[in-house]
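# A look at the structure
Spelled out, the chains give:
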Amino acid sequence: MSRISRLPSSLLRAAACTGVAALALTSCGSGSGSGSASTSSGEVKVGLITKTDTNPFFVKMKEGAEKTAKAEGVKLMTAAGKFDGDNAGQVTAIENMVASGVKGILITPSDSKAIVPALEKARAKGVLVIALDTPTEPQSAVDALFATDNVKAGELIGEYAKAAMKGKTAKIAALDLAPGVSVGVQRHSGFLKGFGATDKDVACAQDTGGDQSKGQTAMENCLQKEPGINVVYTINEPAALGAYTALKAKGREKDVLIVSVDGGCTGTQAVKDGKIAATSQQYPLKMAAEGVKAVVTYAKDGKKASGYTDTGVTLITDKAQDGVTSKDTAYGLENCWG
């Protein structure tokens, strides 16, 4: 998936750190920078495990963790699955981090249910476990959750899409994530709630894995099934851009409303360019930064973070609709994934 061509140096640094083999533990942030998991006696170690190390969302999350780890004087260890859905890889990363003596683990679970036994083992050994972005099932499998309210994110774009249709009959395509991933289920159900619809009103639903090329294929399949589709909900902006490409090939890009979730810099630019009508912007850098701070607090005084911390969501569009609170793309580009 594409990104804005000229990246800030801090993001390049984060991307460089993600270039290590997906499941190899790497040390980022403070310390020698040698790549070794070992630290000097008494130094606090924090683990970050993301779904992948290639998705720009997780690159930004890692940037937030690195900056905060450096500021707090702790060692950050990182790992990621080889692909979105790689539960086995995340389990291995958890085991390796626990063995290395981390004080806390921050994780975006690829499989919200299957990861639970590994997390419970880590907590039983005194490791603070915080989910970022994606809740576990049950949510109580972790000590705390720092995330966007994904139902609210879906509701915002659902409300927007309903207002933008101005009473026209909607033929909806839903380009979803994958079965069993809570974040995808929550965004999908939120969209339908905001739109005032149910799954019976969805003309075509396809899984995309949040991937741009799969989003394009999904949209092509939906257009074959129901050529009259005029509203497209997508799990994220790469899937939305794939949908846009498919629609443009059919000459339909001007008469189909595309709404999405994430609010990354590339996605927000696509809103500005008119490819996506609106997106719900979330803030992964903040999720990771707050997560690192929580582990530091636990290491210092034993106080564990608990419950759910909402890291915020903002509807971004340049075509505001009456009754739907939003901010424009100037705001969105200034704050994309911050």
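Keep in mind that this is a model prediction, so the values were computed, not measured. (Residues numbered from 1 in each chain as written. Predicted model: local features only at pLDDT ≥ 70, side-chain atom pairs only at ≥ 80, totals over all residues. Heavy atoms only, no water.)

## A closer look at the pairing of strand β6 (residues 144-147)
Both faces of β6 are covered, namely the face carrying A144 and F146 and the face carrying L145 and A147. Taken together, the three bridges between strand β5 (residues 128-132) and β6 define a ladder with parallel strand orientation. In the strand pairing of β6, I130 is matched with A144. Relative to strand β12 (residues 307-310), β6 runs parallel, the two sharing four bridges. Of the residues in β12, the one forming a bridge with F146 is T309. (Buried < 20%, exposed > 50% of the residue type's maximum accessible area, 1.4 Å probe, protein only. Helix = DSSP H or I, 4+ residues; strand = E, 2+ residues; numbered from the N terminus. Pairing = 2+ DSSP bridges.)

## Describing the packing of helix α3 (residues 87-100) against helix α4 (residues 116-124)
In a pair of packed helices, the angle between the axes and the distance between the axes together describe the arrangement. The contact between α3 and α4 brings their axes to 9 Å, and the two run at 10°. When the interaxial angle is binned, α3 and α4 end up roughly parallel. Contacts from V91, I94 and V98 in α3 reach A118, L119 and A122 in α4. (Axes fitted to C-alpha atoms, helices over the stretch in contact; angles between N-to-C directions. Parallel < 35°, antiparallel > 145°, perpendicular 65-115°, else oblique. Contact = heavy atoms within 4.5 Å.)

## Things to note about the sheet that holds strand β13 (residues 314-316)
Here we have six strands laid out as an open sheet, ordered β8-β7-β9-β10-β11-β13, and mixed in their pairing. Strand pairing shows two members of the sheet lacking a second neighbour, β8 (202-207) and β13, which therefore form its edges. Adjacent strand axes in the sheet meet at a mean angle of 15° when their direction is disregarded. For strand β7 (residues 172-176) and β8, the ladder comprises five bridges, and the chain directions are parallel.

## Remarks on the packing of aromatic side chains
A full pass over the atoms with the stated rule returns four aromatic pairs. Between F57 and F58 the ring centres are 5.3 Å apart and the planes differ by 90°, which places this aromatic pair in the edge-to-face class. Each member of the pair, F57 as well as F58, is classed as buried. One aromatic cluster is present, formed by F57, F58 and W337 through successive ring pairs. (Phe/Tyr/Trp six-rings, centres within 6.5 Å; stacked < 30°, edge-to-face > 60°.)

## Points about the environment of P238
By the secondary structure assignment, P238 is in helix α8 (residues 237-249). Sequence spacing of P238 and T266 is 28 residues, and the spatial spacing of their C-alpha atoms is 8.8 Å.

## As for the nonpolar core
If you look at the biggest cluster of nonpolar residues, it comprises 29 residues, and the most contacted ones within it are Y160, F191 and V259. Among the elements of the structure, α5 (150-165), β7, α6 (182-195), β9 (231-234) and β10 (257-262) are those that each provide at least two residues to this core. The element contributing the most residues to this core is α5, with seven residues. Contact partners of Y160, with chain neighbours within four places excluded, come to V259, A277, A278, L315, T317, K319, Q321 and V324. (Core = buried A, V, L, I, M, F, W, Y, C linked by side-chain atoms within 4.5 Å.)

## Here's the deal with α5
Because an α-helix packs 3.6 residues into every turn, residues spaced three or four apart end up facing the same way. If you check α5, its first and last C-alpha atoms are 23 Å apart, about what 16 residues at 1.5 Å a residue would give, namely 22 Å. On its buried face, α5 sits against α6, β9, β10, β11 (278-281) and β13. Directly after α5, the chain includes K166, whose backbone phi takes a positive value near 50°. (Expected span 1.5 Å × (residues − 1).)

## Considerations on the state of the cysteines
Such a bond, covalent and formed between the sulfur atoms of two cysteines, is termed a disulfide. In total, this model carries two disulfides according to the counting rule given. Between the sulfur of C204 and that of C222 lies a disulfide, 2.1 Å long from S to S. Disulfide C204 to C222: torsion about the S-S bond roughly -75°, handedness left-handed. Of this pair, C204 sits in strand β8 while C222 sits in helix α7 (residues 212-225), placing them 18 residues apart in sequence. For C204, a relative accessible area of 2% corresponds to the buried category. Residue pairing for C265: its cysteine sulfur links by disulfide to C336, the two sulfurs lying 2.0 Å apart. On the sign convention where negative means left-handed, the S-S torsion of about 80° between C265 and C336 marks this disulfide as right-handed. Separated by 71 residues along the polypeptide, C265 in helix α9 (residues 265-272) and C336 in the segment after α11 (329-335) bring together distant segments of the chain. (Disulfide = S-S within 2.5 Å.)

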